[in-house]
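An overview of the molecular structure
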Amino acid sequence: MHLTTIDFAVIAIYFALAIGTASLFIKRAKRSMLDYFVSHRSMPWWLAGTAMVATTFSADTPLAVTEMVVKNGVAGNWLWWSMLFSGMLTVFFFARLWRRAEVVTDVELTELRYAGKPAAFLRAFRAAYLGLIVNIIIMGWVNLGMSKVLSGTLGISKWYALIVALLITFSYTVLAGYWGITATHGLQYCFEMGGAIILAIVSWRAVGGGDVLYRKLGDTHPAGAPAGTIFGHASDVLAFWPSGSGVWVLPAITLAALVGVNWWASWYPGAEPGGGGYVVQNISATRNEREGRAAALFFNVAHYAIRSWPWVITALCSLVLYGGAVVANDPGVNYVRMMVDLLPSGLRGLMLASFAAAYSSTIATQMNWGSSYLINDLYRRFMVRNASERHYVFASRMAVVLTLVLSIFVTLFMNEISHAWQFLMMLGAGTGLVYILRWYWWRINAWSEVSDLSPCHRHDEGRRLRLEFDSDDGDHHGRVADRHVRHEAGVRRNSRVVLPPSTTRGQRLGAICRENRDSRAGRRDDTQPDRLDPRRDSRVLDHVRYGRVAFRRTQELDHVRHTARCVRDWFVCSDAPRKGS
């Protein structure tokens, strides 16, 4: 791609605007860790929602969507469209609860929901897992997508161009904190959508319009299919749901798994069942619960219903112009080739600026989001507990540097973006249900999540579920309720509150919270996390914090025992050796 002075001017204007916007918030980022990671919970809903959309609009996303369309037609996008259901679940059930919890990261909820050393272990484990594995994988495929764009358009070494883009993004990310990041997201989203729409319009005109597209689309070759295979008919390629019987069609069983199971059973960034990741970070950064829900709704509408269609149009046009994939083992390159072949001078610079904006918006958020786990849930919680806010801000910036270095290393081992997507889905497979049930079912505990995250140890850890029951005497329900109310409140397990069975649930919980406060005033219990203080104990009385029907105890003993058997069968492998077998 040949760039003129106008193209370089457009790119320079974008970077100047981005760096200038972010620099306005450097002073705010210095004040505290709360400012650095969640903008001191003062962000308007529209900016938080835009930040989420801009984050998911990365340099690799158009290439990945193009790859799906070139392989399986429009219906191939159900690989990620299926996550819409989990996103709407967050909007209507969990967004307000996340904002009410007032956490910095979603991992912090584990010690609010559970208690004792298992909760502390789970928080540390998930923080390291998300901050050092999941986040690095995401940054790796974003780097890969940007390197492909730059090498395919500018014809220069992809690593040279990638390092330049990384350093520019890093310069304002490490200094401006999340206020600076989200402020630039609004600017970046305008460049991102503007470039995608312009390329779609130019591609449509290059093909000759809808009639020509529909007439020629069926004769093109689906990527990955045997030589000589064609789509067959344009209606099959354009179908919203998979249709036809060709080898390229998305299998019905795959679609059924995606639509019926994957969205609630799997954890995936931006579409976590029960909420999580940078979605929770943006919800926590809003002013109140209502704005948190509005931000989540805006994100899902823009993410699934609006943003992807310019990419789909460009991918379909590339099939007609090139007859199939430009590079057989990497169909996503079609998108880059359309930029190089069709865009005139001036629009090329705008398109490269839009890719730079898409890349910067995602990488900036991932740097900040990943470092929030390392600092809030590992460093501050377990290593250095009583340092100043300036110390934690400095440590946060060092964590950003660490994630940057690791992401470059991981990028070396990646080849196809969609494979990285599928690998991350595999890592999160089977974990989603626990993240939903923990808001509503008091039987879910810390070991439930540990077992879910460690399938190879599911048999051993599943036995740690607390399914033991006392004898069927008159005050059974009262003693069981006392034990689990203490568990919900996050108080000491050896609490000696004795209340009659007729005491209401609220009275039990209030008495235990008062005892916990009094005991903490006299001596510290090693099993009690440092994050709890008397000012927050009273908030546990609000059951809606963990769901509208949070932690309802079973009313009849037979039903309790039946539930116990179901949980045991669910979390313990069915083929595991059983006692007495």
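Residues numbered from 1 in each chain as written. Predicted model: local features only at pLDDT ≥ 70, side-chain atom pairs only at ≥ 80, totals over all residues. Heavy atoms only, no water.

For the rest of this paragraph, the subject is the overall build of the protein. When helices and strands are counted, the protein shows 27 helices and zero strands. Scored against the burial criterion, the 581 residues of the protein give a buried share of 59%. The long-range fraction of contacts in the protein, counting pairs at least 24 apart against all pairs at least 6 apart in sequence, stands at 78%. Entry remark: accessible area of the protein is about 23,500 Å², with carbon and sulfur atoms responsible for 62%. (Helix = DSSP H or I, 4+ residues; strand = E, 2+ residues; numbered from the N terminus. Buried < 20%, exposed > 50% of the residue type's maximum accessible area, 1.4 Å probe, protein only. Contact = heavy atoms within 4.5 Å. Areas by Shrake-Rupley, 256 points an atom, 1.4 Å probe, with all protein chains shown as cover.)

Moving on: the packing of aromatic side chains. Two measures describe an aromatic ring pair: the distance that separates the ring centres and the angle between the ring planes. Here the structure, examined in full by the defined rule, presents 27 aromatic pairs. Aromatic side chains Trp78 and Phe240 sit 5.2 Å apart centroid to centroid with 75 degrees between the ring planes, which places their arrangement in the edge-to-face category. Highlighted residues: Trp78 in helix α6 (residues 78-81) and Phe240 in the loop between α12 (234-238) and α13 (252-265), separated in sequence by 162 residues. Judged by its relative accessible area of 39%, Phe240 is partly exposed. A centroid spacing of 5.8 Å and a plane angle of 25 degrees characterise the contact between Trp80 and Tyr304, whose relative ring orientation is stacked. A residue pair is termed long-range when its members are at least 10 positions apart, and Trp80 in helix α6 and Tyr304 in helix α15 (residues 289-306) qualify at 224 residues. Residue Trp80 shares its accessibility class with Tyr304, and that shared class is buried. Taken together, the aromatic side chains of Trp78, Trp80, Trp81, Phe240, Trp241, Tyr304 and Trp309 make up a single cluster linked through ring pairs. Here the guanidinium or amino end of Arg28 rests over the ring plane of Trp179, the centre of that ring lying 5.1 Å away. One residue, Arg381, lies across the ring of Phe382, its end atom 4.7 Å from the ring centre. (Phe/Tyr/Trp six-rings, centres within 6.5 Å; stacked < 30°, edge-to-face > 60°. Lys NZ or Arg CZ within 6 Å of the ring centre and 35° of its normal.)

With that out of the way, let us pick up α15. Spanning 18 residues, α15 covers 25 Å between terminal C-alpha atoms, matching the ideal 26 Å at 1.5 Å per step. N-capping of α15 is provided by Asn288, with a side-chain oxygen placed 3.2 Å from the backbone N of Arg290. (Expected span 1.5 Å × (residues − 1). Polar contact = N/O pair within 3.5 Å; in protein donor to acceptor, adjacent residues only side chain to side chain.)

Relative to the elements of secondary structure, Thr173 occurs in helix α10 (residues 158-207). Excluding residues that lie within four positions of it along the chain, Thr173 makes contacts with Tyr36, Ile181, Ala364 and Met367.

Take unusual backbone geometry next. In this structure, Arg41 takes a positive phi of about 55 degrees despite not being glycine. By secondary structure assignment, the location of Arg41 is in the loop between α3 (33-38) and α4 (45-56). Residue Arg41 is classed as buried on the basis of its relative accessible area, which comes to 14%. Even without being a glycine, Glu102 presents a positive backbone phi close to 55 degrees. With respect to the helices and strands, the residue Glu102 is situated in the loop between α7 (84-101) and α8 (109-113). Residue Glu102 is classed as partly exposed on the basis of its relative accessible area, which comes to 38%.

Counting 150 residues, the largest nonpolar core has Leu316, Tyr335, Phe355 and Tyr359 as the members making the most contacts within it. Considering every element that reaches this core, the biggest residue donor is α10, with 17 residues. Beyond its immediate chain neighbours, meaning those up to four positions away, Tyr359 contacts Ala59, Val142, Asn143, Met146, Leu162, Ala165, Leu166 and Thr169. (Core = buried A, V, L, I, M, F, W, Y, C linked by side-chain atoms within 4.5 Å.)

The next subject is the environment of Trp45. Checked against the element boundaries, Trp45 lands in helix α4. Owing to a relative accessible area of 35%, Trp45 belongs among the partly exposed residues under this scheme. Along the chain, Trp45 and Arg293 lie 248 residues apart, while their C-alpha atoms are 8.2 Å from each other. With residues up to four places along the chain from it excluded, the contact list for Trp45 reads Thr286, Glu291, Ala294, Ala295 and Phe298.

Before going further, it helps to examine the side chain of Ser318. You can see Ser318 is positioned in helix α16 (residues 309-322). Classification of Ser318 as buried rests on a relative accessible area of 1%. Ser318 has contacts with Val70, Gly323, Gly324, Asn334 and Met338, leaving out every residue within four places of it along the chain.

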